[in-house]
Amino acid sequence: MWRLGGRRISTPRRPAVGLRPASTAAAAAVVSSCRAVVLPRFGGPEVLEVRPAVSVPDLKPRDVLVRARAVSINPLDLRMRSGYGRSIFRPLLPLILGRDVSGEVAAAGASVSSLVVGQEVFGALHPTAVRGTYADYVVLSEDELTPKPPSVTHVEASAIPFAALTAWRALKSTAQITNGQRLLVLGGGGAVGLAAIQLAVAAGCSVSATCGSQSIERVLAVGAEQAIDYTAEDIEVAIKGQFDAVLDTIGVPETERTGINLLKKGGHYMTLQGETASLADNYGLVIGIPAATAILLKKQLQYRYSHGIEYWWTYMRADAEGLDEIRRLSGAGKLKIPVEKTFSIAEVRKAHEMKDKRIIPGKVVLEVN
């Protein structure tokens, strides 16, 4: 990746030896429908339907058809199933949930140049994608995928990209963290928090994180210098010094206040819990989105004036440079999201139910056999 006049210029990756280039002709021959988990209406796990023949869309020039081998369950999937984002998604029902995928290239559009049929890949869709990854075959754009390192299994790989790209957007695109800076992660025990710790450590930053008692060892193991049990300690007393950036994965008033107070002047506070979708759901797109924009602007001006810091709502988006770094770090064993349990994709209702009830607090992956 190079920069020229502020623009990113990607150098093309050479196809793997022994694999033939993907093609649209191959796409037509591969599959026109497949098994998929469909969300016909919003509700609990019981609304999810495993359908045997859901149509696979025609590929656009930059699209890639992936034969899924594993897909992970993200908190966003549970929230969308329950109606989060309904102002956007209700007119588009039925949906297919899922953001992450790991599998093999089955075919691709005519303009795809960096991937080849049979190549193992992993990646993630944007949060607003309608046709998600809970399916035998998944369509992503070329810049949403990267080659899967041979040392990483499909189950392991599927747990990484959405969470890691969310963290990357906050740390590298927004805060632009650099070597020697200090990062505080509020809620470091979840997938985004763990990814943020590892990305920051790889960038040469020192990291402190808050988490529950059950996550202390895991947070320290991935590179945090300090892990604070928020259930047993006063965070502002336990933490010494101030930080260049704070990533708040919890996003409640208490964590926002704590994060703001622990920032240096000129620092960046970033929360995953922006209000755009919830306001749009409650008041409709026409009123909700302008209201959210006004709230964000008000907070930015307020904190810039009162504390001298920058305030942001952050979310995942495709980033070829970030995905390439995620591939490099995961291949080197420096970026891992532990998987607590796997289910077959046919058991998706059971998996969602156990996540809803917090029976399984860690990462869950659906295997696609």
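It should be noted that the structure appears before, not after, this text.
A brief report on the enclosed structure follows. (Residues numbered from 1 in each chain as written. Predicted model: local features only at pLDDT ≥ 70, side-chain atom pairs only at ≥ 80, totals over all residues. Heavy atoms only, no water.)

Here we look at the overall build of the chain
Here comes step 1: Secondary structure summary: the chain contains 13 helices and 17 strands in total.
Here comes step 2: Taken along the three principal axes of its C-alpha coordinates, the chain extends 60 × 45 × 40 Å.
Here comes step 3: If you take every contact in the chain between residues at least 6 apart in sequence, the share linking residues at least 24 apart comes to 69%.
Here comes step 4: When the accessible area of the chain is evaluated, it comes to approximately 16600 Å², of which 53% is carbon and sulfur surface. (Helix = DSSP H or I, 4+ residues; strand = E, 2+ residues; numbered from the N terminus. Contact = heavy atoms within 4.5 Å. Areas by Shrake-Rupley, 256 points an atom, 1.4 Å probe, with all protein chains shown as cover.)

Looking at the sheet that holds strand β14 (residues 263-271)
Here comes step 1: Strand order in the open sheet formed by 6 strands is β12-β11-β10-β13-β14-β15, with parallel pairing between adjacent strands. Only two strands of the sheet have a single partner each, and these edge strands are β12 (226-229) and β15 (310-313). With direction set aside, neighbouring strand axes in the sheet form an average angle of 15°.
Here comes step 2: By the bridge criterion, 5 bridges tie strand β13 (residues 243-248) to β14 in an arrangement that is parallel. Counterpart to alanine 245 in the pairing with β14 is histidine 268.
Here comes step 3: With respect to the sheet, helix α5 (residues 161-174) is in contact with β10 (182-186), β13, β14 and β15, its orientation differing from that of β14 by roughly 150°.
Here comes step 4: Sitting on the sheet, helix α6 (residues 191-202) touches β10, β11 (206-211) and β13, and the angle it makes with β10 is about 170°. (Pairing = 2+ DSSP bridges. Axes fitted to C-alpha atoms, helices over the stretch in contact; angles between N-to-C directions.)

Regarding the pattern of salt bridges
Here comes step 1: Throughout the structure, instances matching the rule amount to 13 salt bridges.
Here comes step 2: Between arginine 257 and glutamate 236 there is a salt bridge whose closest N-O contact spans 2.7 Å. With arginine 257 in helix α9 (residues 253-261) and glutamate 236 in helix α8 (residues 235-238), this residue pair connects regions lying 21 residues apart in the sequence.
Here comes step 3: For arginine 257, a relative accessible area of 42% puts it in the partly exposed group.
Here comes step 4: A residue is classified by how much of its surface remains accessible, and glutamate 236, at 29% relative accessible area, is partly exposed.
Here comes step 5: Residue aspartate 244 is joined to lysine 264 by a salt bridge in which the shortest nitrogen-to-oxygen separation is 3.5 Å. With a gap of 20 residues between them, aspartate 244 in strand β13 and lysine 264 in strand β14 connect regions that are remote in the sequence. (Salt bridge = Lys/Arg side-chain N within 4 Å of Asp/Glu carboxyl O. Buried < 20%, exposed > 50% of the residue type's maximum accessible area, 1.4 Å probe, protein only.)

Just geometry here; none of it tells us what the structure is for.
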